[in-house]
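Chains, contacts and geometry: an overview
Here is what each chain is made of, one letter per residue.
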Amino acid sequence: MRPIEIILALCVTILLVYDYFPDIPFAEAVSLEVLIVVMLGLFMMTVYRNRKRNPDQHTIFRSHVFFVVYIVALMALLTALGGESQVGIGFDNGIFWAALAIALMEISFQWRRMKQTQE
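Here is what the cut-offs are and how they apply
Residues numbered from 1 in each chain as written. Predicted model: local features only at pLDDT ≥ 70, side-chain atom pairs only at ≥ 80, totals over all residues. Heavy atoms only, no water. Phe/Tyr/Trp six-rings, centres within 6.5 Å; stacked < 30°, edge-to-face > 60°. Buried < 20%, exposed > 50% of the residue type's maximum accessible area, 1.4 Å probe, protein only. Helix = DSSP H or I, 4+ residues; strand = E, 2+ residues; numbered from the N terminus. Polar contact = N/O pair within 3.5 Å; in protein donor to acceptor, adjacent residues only side chain to side chain. Contact = heavy atoms within 4.5 Å. Expected span 1.5 Å × (residues − 1).

A short note on the packing of aromatic side chains
Counted under the stated rule, the structure contains six aromatic pairs. Plain terms: the ring middles of Phe91 and Trp97 are 6.1 Å apart, the flat faces sit at 45 degrees to each other, and that makes the pair tilted. Centre to centre, the rings of Phe96 and Trp97 are 5.1 Å apart; their planes meet at 70 degrees, and the pair counts as edge-to-face. Residue classification places Phe96 among the buried positions, given a relative accessible area of 12%.

This is how it looks when you write it as structure tokens:
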């Protein structure tokens, strides 16, 4: 994983922890607005760098799989610890399942494209 992806995963983690546990003591240490701006900046930088560098499909595939698995596992952990999403990002939300289905379909399409180019 590249450093940008690690920072992005850390930002997503902090945002989800804020969402599931809004009253935690360190919530005031980093403002939510700063995290969102950092995440947007990292996202734009990643898109820009990927256009310049043109990473291989295998790297993109691994990143997508990692982030989907990571976010679902993090949500499961936060739910198991007794947290509840304040904005509705949870396993009981139909929009979450629709977004997960779309992400898994995209991963499936990427997998097929990779297999076709290898043959």
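Read on, since the account is not over.
Details of the side chain of Ser85
Note on placement: Ser85 falls in the loop between α3 (57-80) and α4 (94-118). The exposure class assigned to Ser85 is buried, which follows from its relative accessible area of 14%. A polar side-chain atom of Ser85 sits 2.4 Å from a polar atom in the side chain of Asp19. A polar contact is formed between the side chain of Ser85 and the backbone nitrogen of Ile89, at a distance of 2.8 Å. Aside from chain neighbours lying at most four places away, what touches Ser85 is Asp19 and Tyr20.

Digging into α4
The end-to-end C-alpha distance of α4, which contains 25 residues, comes to 36 Å, matching closely the 36 Å that a straight helix rising 1.5 Å per residue would cover. Within α4, burial applies to Phe96, Leu100, Ile107, Gln110 and Met114. Buried positions along α4 lie against α3. Two or three places before Ile95, at the opening of α4, Asn93 has a side-chain oxygen 2.8 Å from that residue's backbone nitrogen.

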